[in-house]
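# Commentary on secondary and tertiary structure
So the chains spell out like this:
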Amino acid sequence: MPILNTTIGAPHAAILGIGGFRPSRVIPNADVVEAIDSSDEWIQQRSGIKQRRWATPEETVQVMSVGAARKALERSGMDAQQIDVVVVATVTHLLQTPAIATAIAHELGTDKAAAFDISAACAGFCHGVSLAADMVRAGSAGHVLVIGVERLSDLTDVSDRGTAFIFADGAGAAVVGPSQTPGIGPVVWGSDGEKFDLIRQREDWRDVIAADEPATPHLVMQGNPVFRWASFAMAKVGQEALDRAGLSVDDLDCFVPHQANMRIIDAMARSMKLPSTVRIARDIAEQGNTSAASIPLALERMIEDGEAKSGDTALFVAFGAGLAYAAQVVIVP
Ligand code: UT7
């Protein structure tokens, strides 16, 4: 039997640059409350959200992704032609095939980069970062562009009390490449498919097609069970990611959890006993819940605000529909 050649990758992988795209329509709570019989006060108290951003018709999944990716490339000092793989995490590219990653790779001007989408909802970006780190270390790619992007407003029922005030649009991107020192810790990831129905597209596409009246399918969520699950189980996942990286909460500079609800963020921080010196991402107040885009957008804001600096140790914890989750420690680029 012949012995096959195989690849040997870089000793370590790291995030080299982060970029975000925040769509232009700023929607304050006042603009969503009437349709759901709610109030600015209730929304702020229960979720911490003050406003969210929704995309204009021109701010497509592709446009937002390319905007975020160009910033990430520039900040990492990379040219699009140096990107070997483009991974796009999204649940709101509304064309079954081909993957939007291929169009994004083409528009960016990569040199025939491998390009594919992944569906892991709000945990998608962290899944992508883990895949990218593995590719770089295994030698199947030199540099990988990971994008988390959503236009949740397309699938949000503005009269649904459980979701209309939460979901938002945006894109975040990271360039992952080789590093002399470890920049991305071991991933802790998993799923609990028993809870498949807690956050989902309400109508199966086949039912939409068969319906007499054309209607947009909507995302629905049983918020309270997800809230309890996330507040309880995700702190453990975050702690495990720290353990697997060989660190403790005292080594942490920044906590960048999925921006789902300010109360979940606080509950996780309390449960993990994060020291008061750890800076916590709270982008949700201004941005809403952008699913796969929320962690890169939140980290970008912390870097821009001077709350996170190059070389800091940050913990990502992401969770959402599936229910799927993923967490890892990273070094801030
Ligand atoms: O990104 C993917 C992961 N997603 C998440 O992690 C989201 C997790 N869930 C949540 O963030 C929260 O469950 C929500 C913010 C969605 C809701 O907060 P909650 O504290 O779980 O509220 P609830 O559903 O238990 O409802 C509490 C009360 C109810 O009234 P009663 O029965 O106490 O009289 C609801 O009828 O609030 C009422 N209510 C509302 N009131 C005003 C529910 N929705 C609304 C609303 N406005 N939009």
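Please refer to the structure placed before this passage.
This text gives an overview of the structure that appears in the document. (Residues numbered from 1 in each chain as written. Predicted model: local features only at pLDDT ≥ 70, side-chain atom pairs only at ≥ 80, totals over all residues. Heavy atoms only, no water.)

What follows covers the overall build of the protein chain. Each helix and strand in the protein chain was counted, giving 9 helices and 14 strands. Against the compact-globule benchmark of 20 Å for 333 residues, the protein chain has a radius of gyration of 19 Å, which places it among compact chains. Its C-alpha atoms give the protein chain principal-axis dimensions of roughly 65 × 50 × 40 Å. Considering the protein chain as a whole, with its 333 residues, one finds that 55% of them fall into the buried category. Taking the contacts inside the protein chain whose residues are at least 6 apart along the sequence as the reference set, 77% of them involve residues at least 24 apart. (Helix = DSSP H or I, 4+ residues; strand = E, 2+ residues; numbered from the N terminus. Rg over C-alpha atoms; globule rule 2.2 N^0.38 Å. Buried < 20%, exposed > 50% of the residue type's maximum accessible area, 1.4 Å probe, protein only. Contact = heavy atoms within 4.5 Å.)

As a structural note, the neighbourhood of the ligand is formed by 22 residues, with Ser38, Asn224, His258, Asn261 and Asn289 the closest of them. Side-chain polar atom of Ser38 to a nitrogen atom of the ligand: 2.6 Å apart, as the coordinates give it. At 3.0 Å from a nitrogen atom of the ligand is found a main-chain nitrogen or oxygen belonging to Gly223. The fraction of the free accessible surface of the ligand (950 Å²) that becomes covered by protein chains is 72%. (Near = heavy atom within 4 Å. Polar contact = N/O pair within 3.5 Å; in protein donor to acceptor, adjacent residues only side chain to side chain. Areas by Shrake-Rupley, 256 points an atom, 1.4 Å probe, with all protein chains shown as cover.)

This brings us to the nonpolar core. Ranked by size, the top nonpolar core spans 50 residues in total, and within it Trp229, Met234, Phe255, Leu274, Leu315, Val317 and Phe319 carry the most contacts. Residue assignment for this core shows that the elements contributing at least two residues are helix 6 (223-245), helix 7 (262-271), helix 8 (284-287), strand 13 (313-320) and strand 14 (324-331). With 10 residues, the single largest contributor to this core is helix 6. Looking at which domains feed residues into this core, each of domain 1 (12-179) and domain 2 (188-331) gives three or more. (Core = buried A, V, L, I, M, F, W, Y, C linked by side-chain atoms within 4.5 Å. Domains from an automatic or database assignment.)

Running from amino to carboxyl end, helix 6 crosses helix 7 at an angle of 30°, the nearest separation of the two axes being 8 Å. Considering their axes alone, helix 6 and helix 7 lie roughly parallel with respect to each other. Of the two possible hands of crossing, helix 6 and helix 7 adopt the one that is right-handed. Here helix 6 contributes Phe227, Ala230, Ser231, Met234 and Ala235 to the contact with helix 7, which in turn contributes Arg263, Ile264, Ala267, Met268 and Ser271. Considering only residue class, the contact of helix 6 with helix 7 consists of 7 nonpolar, 2 polar and 1 charged. (Axes fitted to C-alpha atoms, helices over the stretch in contact; angles between N-to-C directions. Parallel < 35°, antiparallel > 145°, perpendicular 65-115°, else oblique. Left-handed = near helix turned anticlockwise from the far one by under 90°. Nonpolar A, V, L, I, M, F, W, Y, C, P; charged D, E, K, R; others polar.)

Next up on the list: the environment of Asp157. With respect to the helices and strands, the residue Asp157 is situated in the loop between strand 6 (144-151) and strand 7 (169-179). Sequence-distant contacts of Asp157, defined by excluding residues within four places in its chain, comprise Thr163, Ala164, Arg202 and His218. Polar contacts involving the side chain of Asp157 include one to the side chain of Ser159, which spans 2.7 Å.

On to helix 6, then. In a regular helix each residue adds 1.5 Å, so 23 residues correspond to 33 Å; helix 6 covers 31 Å between its end C-alpha atoms and thus fits that length. At Ala233, helix 6 shows its maximal kink, close to 30°. All of the buried residues along helix 6 are Val226, Phe227, Trp229, Ala230, Ser231, Ala233, Met234, Ala235, Val237, Gly238, Ala241 and Leu242. In this structure, the buried side of helix 6 is in contact with strand 8 (188-191), strand 9 (199-201), strand 10 (219-221), helix 7, strand 13 and strand 14. (Expected span 1.5 Å × (residues − 1). Bend = angle between axes of the 7 residues up to and from the residue.)

Mapped onto the elements, Pro225 comes out in helix 6. A relative accessible area of 27% means that Pro225 is categorised as partly exposed. Distance in space between the C-alpha atoms of Pro225 and Met1 is 54 Å, their sequence separation being 224 residues.

A separate point is unusual backbone geometry. Trans peptide bonds make up most of the peptide bonds, and negative phi angles are found at most residues other than glycine. Of note, the amide linkage connecting Thr97 to Pro98 takes the cis form, showing an omega dihedral of 0°. Structurally, the position occupied by Pro98 is in the loop between strand 4 (85-89) and helix 3 (100-108). For the bond from Gly322 to Leu323, the omega torsion is -10°, close enough to zero to count as cis. Relative to the assigned elements, Leu323 resides in the loop between strand 13 and strand 14. Phi is positive for Ser291, close to 50°, though the residue is something other than glycine. Assignment of secondary structure puts Ser291 in the loop between helix 8 and helix 9 (294-304).

Below, the discussion takes up the side chain of Ser291. Ser291 sits in the buried class, given a relative accessible area of 3%. A polar contact of 3.3 Å, which involves the side chain of Ser291, links it to the backbone nitrogen of Cys122. If near-sequence neighbours (up to four positions away) are discounted, Ser291 is found in contact with Ala121, Cys122, Glu150, Leu152 and His258.

The next subject is the packing of aromatic side chains. The final tally for this structure, using the stated rule, is 4 aromatic pairs. Judged by centre distance (6.3 Å) and plane angle (55°), the rings of Trp229 and Tyr325 are tilted. Taken together, the positions of Trp229 in helix 6 and Tyr325 in strand 14 put the pair 96 residues apart, joining distant regions of the chain. Accessibility classification places Trp229 together with Tyr325 in one group, the buried group. Clustering of aromatic rings is evident, with ring pairs tying together Trp229, Phe319 and Tyr325. (Phe/Tyr/Trp six-rings, centres within 6.5 Å; stacked < 30°, edge-to-face > 60°.)

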